[in-house]
2 protein chains.
Amino acid sequence: MLGLRVVRITSGISLRNFSRHATLKSSQSPVGFIGLGNMGASMAENLVTKGHRVVVYDVVPESVAALEKKGALVASSPAEVAAQADRVVTMLPASRHVQDVYEGPNGILSSVRGGALLIDSSTIDPTTAIDISKKASDKAAVFMDAPVSGGVVAAKAGTLTFMVGGDEAEYDAAKDLLSFMGKNVIRCGNVGTGQTAKICNNMLLAVSMIGVSEALNLGQRLGLDAKTLSGILNISTGRCWSSDTYNPVPGVFDGVPSSNDYNGGFGTALMAKDLGLAQVASTETLSPTPLGSLAHQIYRTMCQKGYAEKDFSSVYKYLSTEESCEPKQ
Amino acid sequence: MLGLRVVRITSGISLRNFSRHATLKSSQSPVGFIGLGNMGASMAENLVTKGHRVVVYDVVPESVAALEKKGALVASSPAEVAAQADRVVTMLPASRHVQDVYEGPNGILSSVRGGALLIDSSTIDPTTAIDISKKASDKAAVFMDAPVSGGVVAAKAGTLTFMVGGDEAEYDAAKDLLSFMGKNVIRCGNVGTGQTAKICNNMLLAVSMIGVSEALNLGQRLGLDAKTLSGILNISTGRCWSSDTYNPVPGVFDGVPSSNDYNGGFGTALMAKDLGLAQVASTETLSPTPLGSLAHQIYRTMCQKGYAEKDFSSVYKYLSTEESCEPKQ
């Protein structure tokens, strides 16, 4: 999800902890983990801490070295991970990185073991997930999409929610593994439906957050205090997660990004990315999503106005702090 | 809120139960109630049932006769109600009806008693409420806006939520009376803030409902079951009242309008009205409300497409059941 690039080859990775167990049973082979960004590093660390042998790969040497210090084994390519592990988890920024890691020259599918379970926790478009699943199946491997919600905090705490799309017969094995990194593991349906659930949720989340921001800004300009109005919304029909848990107005709640100058949390650029995936899916399926489309354009515009790295709740600041548009006399 | 017009004078209203108590103390004078539509009739009936003497007025003789049968006293104009009652509640369709009932030739303010408490539970624009409040004050009366949420069902059950804008010193008296018609009475601030809370909540509600409808339609077209996706949204960051309590997809929940062909509930035309009030307020206060504005246009369009009397959750049907837009070869 964050900050990882797989287009260059990392050199100088230590292989001293690396050992081959190709003949061992699944439960005894290491778990593979590819993609050690803000999310992936914490997820892999949870696997290590909770007793798994884990073999990792990332294009950033520092990220690999950090995991090695925690006790992970190290590989020099996705292919080398896949050759060692019967279970591989990937956590990457976008569809093109996932395609590279699975289908590239040193990709997972070039060396995947028969019967291996491949779980991609990146947020990508459902069509790409389905496509990779077919190619994995051609190599006698099982692919599932399992994007997450909860962000960096939940990744660290091991309390992520996984939305899993994949074959029901293989689901228990996936759940077993994912439970070491999350507290909720939900099977949504066949391959691709994990991604579908994620982009539908995030489209609704963006719409709700902008709606809450509009309502709280309008209410204040009409003389109503933001805390009072939030309290009313939260026991009324406008109630939503963006109003009762992640309120975008500074000072209404402690411990949320809005009370920390919109630092931390889920970045505007990432929200814009997910809204773009929702728009691609809407177009492909001829589904009208008027508010999702406008939300996409609002978050895209915010990225151009300096909000890209701010939490997505900064849409409140974006809408409320522009200069007055009172026409000059 | 519904179906009452105050522009014509009703003739032939029986006055046989009508008695004057101008010299009695407040607690002994009847409560006035003007506006016996779907909402007002149930609210007035709750006052009668719970032991109040109530003097009513409406332009529709049948509505008055129905309340008289339940035990209400009857007046022939708003002025006649106001002459009898130290506390008057009004429940009318829109700003112009409220202005007529208060400021018209036979209006409340033409005969209001000194120290009377006037509570308007209609949904109107905050500016009108503030304006009437000033005129009431000139007559030594106290005006409060107290719009409701909960709809016809809550009006019948006496479980409405009242959002009250008015002087703090007079609030307890208002709360005492409103508690006979609702279970939640919330003071929002000074006059007008009840209306502000209502239109901000309903703008957010409309945005959420359309967002849920878009997400659930998109998800289904991508192969995800509506019940499954709703279950995921409801434990995720997209969670909102429109998804977890009032789901718009037929069959996901029992006992909501979506499972009754979108009958009952809160009509699309009423939602369009409230969104119009929000847009007027947005314009007056120079507040950007991009999603609120688009929601307004969507509900206005739905009114022109046969959805005016359907529950506002029918936006799901509107978005999901149009003919395919696949271009012809």
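Within any chain, residue numbers begin from 1 and follow the written order of that chain's sequence. Following the order in which they are written, the chains are lettered starting with A and the ligands numbered starting with 1. Where local features are concerned, this predicted model is filtered to residues with pLDDT of at least 70; where side-chain atom pairs are given and counted, the filter is 80 or more; whole-chain, interface and lining totals use all residues. Each side-chain value is worked out from all heavy atoms of the structure, with water and hydrogens disregarded.

**Points about the pairing of strand 4 (residues 87-90) of chain A**
Residue and element names in this part refer to chain A. Here is the rule we go by: Only protein chains enter the calculation, and the probe is 1.4 Å; a residue is then buried if its accessible area is under 20% of its type maximum, exposed if over 50%, and partly exposed in between. Elements are defined by DSSP. Helices are runs of H or I of four residues or more, strands are runs of E of two residues or more, and each kind is numbered from the N terminus. A pair of strands is considered paired only if DSSP assigns at least 2 bridges between the two. Every crossover in which the path from the first strand over the helix to the second runs clockwise, viewed with the strands pointing away from the viewer, is termed right-handed.
Neither face of strand 4 is open: one carries Arg-87 and Val-89, the other Val-88 and Thr-90, and all of them are buried. Judged from the four bridges that link them, strand 1 (residues 31-34) and strand 4 form a sheet pairing that is parallel. Paired with Ile-34 across the two strands is Thr-90, which belongs to strand 4. In this fold, the crossover linking strand 4 to strand 5 (residues 117-120) by way of helix 4 (residues 95-103) has right-handed handedness.

**Looking at the confidence of the model for chain A**
All names here are of chain A. Our working definition: Confidence scores here are pLDDT values: one per residue, from the predictor, ranging 0 to 100. Residues are treated as being in contact if the distance between any of their heavy atoms lies within 4.5 Å.
Confidence in the prediction of chain A, expressed as mean pLDDT, is 90, and 89% of residues score 70 or more. Every residue in residues 1-26 scores below 50 in pLDDT, and together they form 70 contacts with partners more than four places removed in sequence or on other chains. The ipTM, which scores confidence in the relative placement of chains, is 0.86 for this predicted complex, and the corresponding pTM is 0.86.

**A closer look at the relation of the copies chain A and chain B**
The following threshold applies: In this comparison the copies share one frame, found by least squares on the C-alpha atoms of residues holding pLDDT of at least 70 in both.
With an RMSD of 0.1 Å, chain A superimposes on chain B once it is rotated by 180° and translated 0.0 Å along the axis. Viewed as a symmetry operation, the transformation between the two copies matches a two-fold axis. Minimal C-alpha distance to the rotation axis in chain A is attained by A:Cys240, lying at 2.0 Å. Looking at chain A, 100% of its interface residues are interface residues in chain B too, so the copies touch through the same face.

**Let's talk about the side chain of A:Asp86**
Residue and element names in this part refer to chain A. Formally: Two N or O atoms form a polar contact when they lie within 3.5 Å of each other; inside protein one atom must be a possible hydrogen donor and the other a possible acceptor, and for residues adjacent in sequence the pair counts only when both atoms belong to side chains.
Inspection of the secondary structure puts Asp-86 in the loop between helix 3 (78-84) and strand 4. Among the polar contacts made by the side chain of Asp-86, one reaches the side chain of Ser-29 at a distance of 3.2 Å. One polar contact links Asp-86 to Arg-113, side chain to side chain, over a distance of 3.3 Å.

**Some remarks on the nonpolar core**
Basically, it comes down to this: In this description, a nonpolar core means a group of buried Ala, Val, Leu, Ile, Met, Phe, Trp, Tyr and Cys residues linked to one another through side-chain atoms lying within 4.5 Å.
One finds A:Tyr299, A:Phe312, B:Tyr299 and B:Phe312 to be the most contacted residues of the largest nonpolar core, which totals 94 residues. For A:Phe312, the contacting residues outside a window of four places in its chain are A:Leu205, A:Met209, A:Trp241, A:Tyr246, A:Phe266, A:Gly267, A:Thr268, A:Met271 and A:Tyr299. Grouped together as the second largest cluster of nonpolar side chains are 34 residues, B:Leu67, B:Leu117, B:Ala146 and B:Val164 included.

**Some words on the packing of helix 11 (residues 268-284) of chain B against helix 12 (residues 290-304) of chain B**
All names here are of chain B. Where we set the bar: In this description, a line fitted to the C-alpha atoms serves as the axis of each element, helices being fitted only across the stretch in contact, and the angle between N-to-C directions of two axes falls anywhere from 0 to 180 degrees. Should the near helix be turned anticlockwise from the far one by less than a right angle, the crossing is termed left-handed; should it be turned clockwise, right-handed. Residue polarity follows a fixed list, in which Ala, Val, Leu, Ile, Met, Phe, Trp, Tyr, Cys and Pro are nonpolar, Asp, Glu, Lys and Arg are charged, and the others, Gly among them, are polar.
Between helix 11 and helix 12, whose axes approach to 9 Å, the crossing angle comes to 145°. Helix 11 and helix 12 meet at a crossing whose hand is left-handed. Contact with helix 11, carried on its side by Thr-268, Ala-269, Met-271, Ala-272, Lys-273, Leu-275, Gly-276 and Gln-279, involves Gly-292, Ser-293, Ala-295, His-296, Tyr-299, Arg-300, Met-302 and Cys-303 of helix 12 and no other residues of that element. Looking at the contact of helix 11 with helix 12 residue by residue, the class counts come to eight nonpolar, six polar and two charged.

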